[in-house]
Structures are given as C-alpha cells and as structure tokens.
Amino acid sequence: MSKLDQVLVLDPPSDLRFKGPFTDVVTTNLKLKNPSDRRVCFKVKTTAPRRYCVRPNSGVIDAGAAVNISVMLQPFDYDPNEKSKHKFMVQTIFAPPNVSDMDLLWKDAKPDDLMDSKLRCVFELPSENDKVNDVEATKAAPMMNSAKADSTASTVPASASLDDTEVKKVQDKCKRLQVGCVEKTTLKPTDIIRMRKVPRSDHMTSNSTSLLGREATTASLPSLLVVIAAIFIGFFLGKFIL
C-alpha cells in the first residue's frame, strides 16, 4: 500500500528561512492549513531539537482551519562556509472521532496512516541594502524623536499664551473693580470744601492758643523779676543791719 500524500498545506512549502545576525533568537513562522473535511492531528519534529524551540509542536486542526507555528532558532556562532544540515518534518494523521490521548494515538499509529512533509533550514545574512535600511532607520529614529519633542514644545507656548490671556482678564477685572471703588469713594465738591475749612479752623484755634500762651508768659515775666529783686534786696539789707 502506497504512502498517503500530505493532506495539510504548508506555507512555506519546503524551506524555513532564518535571517541573521544570529546573535539573538531568530523566529520564522510556519502556517499549516487543513483544506479537508476531517480533523487532522499534527506533530513537528527536527533533527536539531537543542537548537530550536517550536510552539506549538503538536495539536489538532479542525476541518477548514489553520494554525500558525513559531520556529525559534537559538543564538549561535554562524559560519557562512558551513552548510546547514538542519531539517524539519511535519507529520500528520487523520484524527479518530473520539481522541483523548494524543501520545497513545501517535504510538499506536500505523506507518501507512502517517503523512509527512520535510523542510530544510536556510540561514541568511542581511544584505547590504538591508544594512543601509537599518542604518537609515536608526538615523530616522532620533529625527522622529526630535520632531515629537518639537511638536510638544510648540504646544507649550500655546498653553502659556492661554495663561497670559487669563492673567490679563484677571488684571482687567481688578482694574474695573478699582475704578468702581474710586467712583464710589469720590467726594462731592461740598465735602471737599468742608474738609478744607476744617483744617483752617483748627489751624486758627491752634494759632490763637499759642498767641495767648505767649502773652501769658510775657505778662508773668515782670512780676517774677520784681519778686526776685525784692528777695535779693531783703537779703542784703539783713546782712548790713545785723
């Protein structure tokens, strides 16, 4: 009995390409599509299991559905002169109506019921054009950042101008309030005349009181002199008589 052809459609169909540099994990995707009307179990195997991480590495694909598989190549020292011998194989089998134990299913599967597809791994280094594009991208990143900074800086004066206008509005309101207060406290002409008269009367009364005080002091001076002279005369007369 001849071997069954692969029921799944693989994308890519034959090669898994990994693009360097290989100083970090490099990931490529593999798409499995089930165009049949039956459920299909799949399993992904590789000749270098320590060099790759596959997620998911097994499962069930419903009729008409598809699944994306991530194949992650671990970092390594790449030698361009060394050809890659790594290979992958996608093994499939039609799922029975009631499947619960996948390990038991693959263990008991007959070789004639298995379908498989093989893919080889291809390692590629970035071309000169890709390097130029990467350099341009790294140069464009600071320019984009500076443009963003300029845009944010340009927005700052707008907010500042808004603050200035608000301050001006507040100042105008304060000026209006001050003008209103001045208008309310403005004196009438009659009040001004009264206020002018009051200081003059006070000044006149203060002047009159000062004049009276001066006259009183000048009037009391002769009497004091007479009293002092009488005391001296009595003092000398007493000495001569005695």
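In this report, we go over the structure that sits alongside the text. What you see is a predicted model, and the numbers here were worked out from it, not measured in a lab.

Below, the discussion takes up the sheet that holds strand 7 (residues 66–73). Reading across from one edge, 1-3-7-5 is the order of the four strands in this open sheet, with antiparallel pairing throughout. Single-partner strands in this sheet number two, and they are strand 1 (9–11) and strand 5 (52–55). Neighbour-to-neighbour, the strand axes of the sheet open up by a mean angle of 20°, direction not taken into account. Of the strand pairs in this sheet, strand 3 (residues 26–33) and strand 7 are connected by eight bridges, and their pairing is antiparallel. The residue of strand 7 that forms the bridge with L30 is I69.

With that out of the way, let us pick up the pairing of strand 4 (residues 40–46). As paired elements, strand 4 and strand 6 (residues 58–61) share four bridges and run antiparallel to each other. If you follow V40 over to strand 6, its bridge partner there is I61. Direction of pairing for strand 4 relative to strand 8 (residues 87–94): antiparallel, over a ladder of seven bridges. By the bridge assignment, V40 is partnered in strand 8 with F94.

Attention now goes to the packing of aromatic side chains. Within this structure, the stated rule accounts for nine aromatic pairs. A ring pair is formed by F22 and F76, whose centres lie 5.2 Å apart and whose planes are at 35°; its orientation type is tilted. Of this pair, F22 sits in the loop between strand 2 (15–19) and strand 3 while F76 sits in the loop between strand 7 and strand 8, and the two are 54 residues apart along the sequence. Like F76, F22 is buried.

Moving on, we get to the pattern of salt bridges. Inspection of the entire model under this criterion finds four salt bridges. D15 serves as the salt-bridge partner of R120, at 3.1 Å between the closest nitrogen and oxygen. On the criterion of sequence distance, the pair formed by R120 in strand 9 (residues 115–124) and D15 in strand 2 is long-range, its members being 105 residues apart. The exposure class of D15 is buried, given its relative accessible area of 15%. One salt bridge connects R39 with D62, and the closest N-O pair in it is separated by 3.3 Å.

Turning our eyes to something else, we now look at the sheet that holds strand 6. Pairing between the strands of a sheet comes from backbone hydrogen bonds, and it takes one of two forms, parallel or antiparallel. Pairing in this open sheet of five strands is mixed, and the strands run 2-9-8-4-6 from one edge to the other. What marks the edges here is a single partner per strand, and that holds for strand 2 and strand 6. On average, adjacent strands in this sheet sit at an angle of 25° to one another, irrespective of strand direction. Where strand 8 and strand 9 come together, six bridges link them in antiparallel fashion. Across the sheet, the residue bridging to Q91 is D116, located in strand 9.

Criteria and thresholds
Residues numbered from 1 in each chain as written. Predicted model: local features only at pLDDT ≥ 70, side-chain atom pairs only at ≥ 80, totals over all residues. Heavy atoms only, no water. Pairing = 2+ DSSP bridges. Helix = DSSP H or I, 4+ residues; strand = E, 2+ residues; numbered from the N terminus. Axes fitted to C-alpha atoms, helices over the stretch in contact; angles between N-to-C directions. Phe/Tyr/Trp six-rings, centres within 6.5 Å; stacked < 30°, edge-to-face > 60°. Buried < 20%, exposed > 50% of the residue type's maximum accessible area, 1.4 Å probe, protein only. Salt bridge = Lys/Arg side-chain N within 4 Å of Asp/Glu carboxyl O.

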